[in-house]
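Geometric and topological summary
The lines below spell out each chain.
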Amino acid sequence: MPAVREAAGKRKVADIDWRSWRAVDKATLTFVLDEERVLLIRKKRGLGAGKVNGPGGRLEPGEEPIVCAVREVEEEVGITPLDLEYRGENLFQFVDGYSIHVYAFTACGYRGELRETEEATPMWTDLDSIPYDEMWEDDRLWLPHSLSGLKPQGRYIFDGDRMLDWELEVDGELYRPERQQPAHP
């Protein structure tokens, strides 16, 4: 994977040829909506352990993102998300060489009983009280747009938990740190 090796150690989004970039892993995040609330989790292990996010995880070989989204929600919190809708993609390059391509989804319903697992502690959160300070830094940039029905496309450079650079396209508008933060809907 020459493109992966070339991207390792880069600290600016503009330094990476994103057309040839390929992630080490592909994954999903799903945000189940229930009236004015969203289902979040506190991750117990793996990438992002201790952080708040939506349920999600890595695609299995040959698995489609939407199938992964359903499977991961079922595994992490015991419910089956319904009426999933694609809500954008985020490409993450870490300076240590790891990279991940994340597909985001929302669900407008669910069936089953919500439960805590070895992977995650679920929590319903009011949409106007999302704890961005306990999440990955990029979430505050793209997640409000996804939750409002848009499909943002983001590219990010991380050094561990710290975001070094980013760019985000929302509805044809490109945002970068030196320009402006995208206005939240």
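Given the structure is predicted, the values throughout are model-derived calculations rather than measurements. All residue numbers refer to position in the chain's written sequence, counted from 1. Reporting of local features is limited, given that this is a predicted model, to residues whose pLDDT is at least 70; pairs of side-chain atoms are given and counted only at 80 or more, and all residues count toward the totals for whole chains, interfaces and linings. As a rule here, side-chain values come from all non-hydrogen atoms in the structure, and water together with hydrogens is ignored.

Remarks on the environment of M123
- Note on conventions: DSSP H or I runs of at least 4 residues are helices, E runs of at least 2 residues are strands, and numbering of each starts at the N terminus. Its place among the elements puts M123 in strand β7 (residues 120-126).
- Distance in space between the C-alpha atoms of M123 and L39 is 5.8 Å, their sequence separation being 84 residues.
- Between two residues, a contact is recorded if the distance between any of their heavy atoms is within 4.5 Å. Sequence-distant contacts of M123, defined by excluding residues within four places in its chain, comprise V38, L39, L40, I41, R42 and V52.

A few points about the packing of aromatic side chains
- Stacked, tilted and edge-to-face are the three classes assigned to paired rings of Phe, Tyr and Trp, where Trp is represented by its six-membered ring and a pair needs centres within 6.5 Å; plane angles under 30 degrees give stacked, over 60 edge-to-face, the rest tilted. Summed over the entire model, instances satisfying the criterion amount to 10 aromatic pairs.
- With centroids separated by 5.8 Å and ring planes inclined at 45 degrees, the aromatic side chains of F94 and Y98 adopt a geometry described as tilted.
- With 5.4 Å between their ring centres and 85 degrees between their planes, W136 and F158 make a pair best called edge-to-face. On the criterion of sequence distance, the pair formed by W136 in the loop between β7 and α3 (139-147) and F158 in strand β8 (residues 153-159) is long-range, its members being 22 residues apart. Each member of the pair W136 and F158 is classed as buried.
- What links up through ring pairs into an aromatic cluster is the set F92, F94, Y98, W136, Y156 and F158.
- The rule for a charge over a ring is simple: NZ of Lys or CZ of Arg within 6 Å of the ring centre, and within 35 degrees of the ring normal. Its guanidinium or amino end placed over the ring of W124, R37 lies 4.4 Å from that ring's centre, counting from NZ or CZ. Whether a residue is buried, partly exposed or exposed follows from its accessible area with a 1.4 Å probe, protein chains only, as a fraction of its type maximum: under 20%, in between, or over 50%, in that order.

Things to note about helix α2 (residues 65-77)
- Helix span, as expected, comes to 1.5 Å for every residue beyond the first. Taking 1.5 Å per residue, 13 residues should reach 18 Å; α2 reaches 18 Å between its end C-alpha atoms and fits that length.
- Along α2, the positions that sit buried rather than exposed are P65, C68, A69, R71, E72, V73, E76 and V77.
- Backbone geometry just after α2 places G78 at a positive phi near 80 degrees.

Points about α3
- Most of α3 is tucked away: 8 of the 9 residues are buried.
- G149, located one to two residues past α3, shows a positive phi value of around 105 degrees.

Digging into unusual backbone geometry
- Phi at E35 takes a positive value of approximately 55 degrees, unusual for a residue other than glycine.
- The residue E35 is located in the loop between β1 (25-34) and β2 (37-43) in this model.
- For E35, a relative accessible area of 74% puts it in the exposed group.
- A positive phi angle, close to 55 degrees, is found at D83, a residue other than glycine.
- In this fold, D83 is placed in strand β5 (residues 80-94).
- Exposure remark for D83: the relative accessible area of 58% places this residue in the exposed category.

Observations concerning the pattern of salt bridges
- By convention in these notes, a salt bridge is any Lys or Arg side-chain nitrogen within 4 Å of a carboxyl oxygen on Asp or Glu. Summed over all chains, the structure comprises 18 salt bridges.
- Note that R140 and D133 form a salt bridge whose closest N and O atoms lie 2.8 Å from each other.
- Taking the relative accessible area as the measure of exposure, R140 reaches 34% and is therefore partly exposed.
- The residue D159 makes a salt bridge to R162 at a minimum N-O spacing of 4.0 Å.
- Assessed through its relative accessible area of 29%, D159 is described here as partly exposed.
- The network of salt bridges with common partners includes E60, E63, R71, E72 and E75.

Considerations on the nonpolar core
- Of all hydrophobic cores here, the largest spans 28 residues; its most connected members are F31, W142 and Y156.
- Residue assignment for this core shows that the elements contributing at least two residues are β1, β2, β5, β6 (99-111), α3, β8 and β9 (162-170).
- Core analysis: the second largest hydrophobic core is formed by 12 residues, I41, L84, F105 and A107 among them. The definition of a nonpolar core used throughout is a set of buried Ala, Val, Leu, Ile, Met, Phe, Trp, Tyr and Cys residues joined through side-chain atoms within 4.5 Å.

Treat this as a map of the structure, not an account of what it does.
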